[in-house]
Amino acid sequence: MEEVKQVSTYLLGIDIGTTAVKAILLSENRIVYQTSVGQKLLSPQHGWAEEDAGEWWNNTIRAVGDVLAAVPDARNGIRAIGVSGMVPAIVLLDDRGEPLRNSIQQNDARATEEIERLKAELNQERLFAETGGFTNQQHVLPRLLWIREHEPNVWERISTVCGSYDYINYKLTGAKSLEINWAVESGMFDIRSRRWLSEQFELLGLSPDTFPEVKESAEVMGFISGEAAALTGLKAGTPVIAGSADHIASTLAAGIIESGELLIKFGGAGDILYCMNEIRPAPELFFDYHVYPGKYLLNGCMASSGSLVKWFSNELLQDESIDLFNRLDLAAEKVRPGSDGLIILPYFIGEKTPIFDPEARGVMFGMSLAHKREHMFRAILESVIYGFRHHIEVIHGLGYEPTKILATNGGAKSKFWCQIASDVLNAEIRSYPSHPGSALGVAFLAGKTIGVYKQWEQIRDFLTDYRDFKPNPNNVAVYDKAYAIYRELYTQLKPMFTSVNHLYDGTGIRQEEQVYERS
């Protein structure tokens, strides 16, 4: 009698990130394979941040193909799929389900006039009570108003509004949905009653039907379609969950499921996430549901973090060497803490939390002819951690005390940057240098949905590679003084940011004369 070969159980996680689509394949408590395909962040005008949703889908096809080529039996063994992504990126679809234009990313800062108008038109105290936030650049409403006013040909053809991972879910399944944290972060959703705010749709002149049904993160939203199966090699009928905002999936992937635990993410943007047991929004921060039932997250997001490091290497150094950052780390380690008086404000594309100022700009303060590139590099790393510290001070002000600080994403690979974080924050930090991030979290969530994982704590089985850092008291004292200057710099320069932004829109072309749409 011919022996029947047992098919392994696999779970697939896909993350639609700012710089790449990543895919990860899990088999129980081990990572079997992971891959990524790079993509571009587009900034056609000053303050704009866009991406090509079609490129996301093509990169998803490529990434999944890489996985299935590396692990051939995964095609029949993948039991569930989860997708995470940037939130709340805005993807506008026509009645055929095709994107009408590039996405408008969550860190886009174009809708400054619409934000100011909405601050006056909407009752901000009521808005905060209902949504957990005041009108800001990350909200969906001001960016949609911008589309209505500047791209009317796009506006009148909108059939569906969705997010980055919601779009990929649609391409995989043919079904449309919105994951709940896209709704929560949209600024158009009541976080307690879990309903859309009808008056905002009336203000837009859009039907609520333009927004697909909101699904819980772990809820199955559809199944791999025949068309997607043919394009990707995945098995038709495989369940796909609603997925997760990338920063929430990363929080789960770091093992954070207890109140008091805090994550700092050194990604393209900088995320700070604090786990708590109650719905308690803060004016300076965003608010999210954790994918872990009954837990909630205070969420800070800095517009620039790793993207600032990349800008420094690409634009100023024009060096893309593989070992560049190791060399910069070694050189910057010889520079004294505080970068010999060089302090940087990292607001190079405006800033979201905790200052909510899209007009803020990057500043290099204290420069002299004695400063070299290693000073600038160290000052950039320090500036990101000053931003993290600002967020933690807000959390302290609410009466919360982080019990544990964990660090993930690209910057967590750098021992030097993690030590700076420990010194600036005056706290012990555990970093995960090989942490795969959101794709791991959403793959685990898919497995939890179908019963592969019985306990949430099993996520910690993946967290075996870590480093611990303790603060150096001498460095802490220096950074306390430098941080005070950092905070005062923004206070003093804030009025000037508005003035300089009105000089010129960054392109030499008046924005009202531009036509920017995608047919």
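## Re the packing of helix α11 (residues 246-253) against helix α16 (residues 438-450)
- Two numbers describe how α11 lies on α16: the axes approach to 7 Å, and their chain directions differ by 80°. By the angle class used here, α11 and α16 are roughly perpendicular. On α16, the residues touching Asp-246, Ala-249, Ser-250, Leu-252 and Ala-253 of α11 are Ser-438, Leu-440, Gly-441, Val-442, Phe-444 and Leu-445.
- Classifying every residue of the contact of α11 with α16 gives seven nonpolar, three polar and one charged.

## Structural notes on the packing of aromatic side chains
- In the structure shown here, the tally under the stated rule is 26 aromatic pairs.
- On the basis of an interplanar angle of 80° and a centroid distance of 5.4 Å, the ring pair of Phe-286 and Phe-356 is categorised as edge-to-face. Here Phe-286, found in strand β18 (residues 286-289), pairs with Phe-356, found in the loop between β20 (343-345) and β21 (363-365); they are 70 residues apart in sequence, far enough to count as distant.
- Judged by relative accessible area, which is 7%, Phe-286 ranks as buried.
- Arranged with centres 6.0 Å apart and planes meeting at 20°, the rings of Tyr-483 and Tyr-486 form a pair that is stacked. With Tyr-483 and Tyr-486 both in helix α17 (residues 473-501) and three residues apart, this pair spans about one turn of that helix.

## Things to note about unusual backbone geometry
- Val-87 connects to Pro-88 through a cis peptide bond whose omega is -10°.
- Locating Pro-88 in the fold gives a position in the loop between β5 (78-85) and β6 (91-93).
- Cis geometry marks the peptide bond from Thr-353 to Pro-354; its omega dihedral reads -5°.
- By the secondary structure assignment, Pro-354 is in the loop between β20 and β21.
- Here the phi dihedral of Gln-318 falls at roughly 50°; this positive angle occurs in a residue that is not glycine.
- Relative to the assigned elements, Gln-318 resides in the loop between α12 (306-316) and α13 (324-332).

## Things to note about empty space enclosed by the protein
- Under the defined criterion, the tally for this structure stands at three cavities of 30 Å³ or more.
- The calculated volume of the largest cavity comes to roughly 80 Å³.
- If you go around the largest cavity, the residues you meet are Thr-131, Gly-132, Gly-133, His-139, Val-184, Glu-185, Gly-187, Leu-285, Phe-286 and Phe-287.
- The set of elements that each furnish at least two residues to the lining of the largest cavity consists of α8 (180-186) and β18.
- Here the lining of the largest cavity is composed, by residue class, of four nonpolar, five polar and one charged.

## Quick word on helix α4 (residues 124-131)
- All of the buried residues in α4 are Gln-124, Leu-127, Phe-128, Glu-130 and Thr-131.
- At its buried positions, α4 is contacted by α3 (112-121), α8, β10 (189-190), β11 (195-196) and α9 (198-204).
- Here α4 starts with a cap whose side-chain oxygen sits 3.1 Å from the backbone nitrogen of Glu-125, and that cap is Asn-123.
- Backbone geometry just after α4 places Gly-132 at a positive phi near 85°.

## As for the confidence of the model for the protein chain
- Confidence in the prediction for the protein chain averages 92 pLDDT; 96% of positions are at 70 or higher.
- The model gives residues 506-519 a pLDDT under 50, and that stretch makes 28 contacts with residues more than four places away or in other chains.

## Some words on the packing of α3 against helix α5 (residues 140-150)
- Look at α3 against α5: their axes get within 9 Å of each other, and the N-to-C directions meet at 120°. As judged from the angle between their axes, α3 and α5 are oblique. Crossing of α3 over α5 shows right-handed handedness. Across the interface between the two elements, Glu-114, Ile-115, Arg-117 and Leu-118 of α3 pack against Leu-141, Pro-142, Leu-145, Trp-146, Arg-148, Glu-149 and His-150 of α5.
- A class-by-class count of the residues in the contact of α3 with α5 yields six nonpolar, one polar and four charged.

## Structural notes on the sheet that holds strand β19 (residues 296-302)
- Read from one edge of the open sheet, seven strands run β18-β19-β17-β16-β22-β23-β24, paired in mixed fashion. Edge positions in the sheet fall to β18 and β24 (467-469), since each of these pairs with one other strand and no more. Going across the sheet, the axis of each strand differs from the next one's by a mean of 25°, ignoring polarity.
- Where α11 meets the sheet, its contacts fall on β16 (261-266), β17 (270-276), β18 and β19, and the angle it forms with β16 comes to roughly 120°.

The rules behind the values
- Residues numbered from 1 in each chain as written.
- Predicted model: local features only at pLDDT ≥ 70, side-chain atom pairs only at ≥ 80, totals over all residues.
- Heavy atoms only, no water.
- Axes fitted to C-alpha atoms, helices over the stretch in contact; angles between N-to-C directions.
- Helix = DSSP H or I, 4+ residues; strand = E, 2+ residues; numbered from the N terminus.
- Parallel < 35°, antiparallel > 145°, perpendicular 65-115°, else oblique.
- Contact = heavy atoms within 4.5 Å.
- Nonpolar A, V, L, I, M, F, W, Y, C, P; charged D, E, K, R; others polar.
- Phe/Tyr/Trp six-rings, centres within 6.5 Å; stacked < 30°, edge-to-face > 60°.
- Buried < 20%, exposed > 50% of the residue type's maximum accessible area, 1.4 Å probe, protein only.
- 1 Å grid on protein atoms, 1.4 Å probe; cavity = no way out; pocket = protein on both sides within 12 Å on 5 of 7 lines; lining within 4 Å.
- Points joined across faces, edges and corners; volume = space filled by probe spheres on them.
- Polar contact = N/O pair within 3.5 Å; in protein donor to acceptor, adjacent residues only side chain to side chain.
- pLDDT = per-residue confidence, 0-100.
- Left-handed = near helix turned anticlockwise from the far one by under 90°.
- Pairing = 2+ DSSP bridges.

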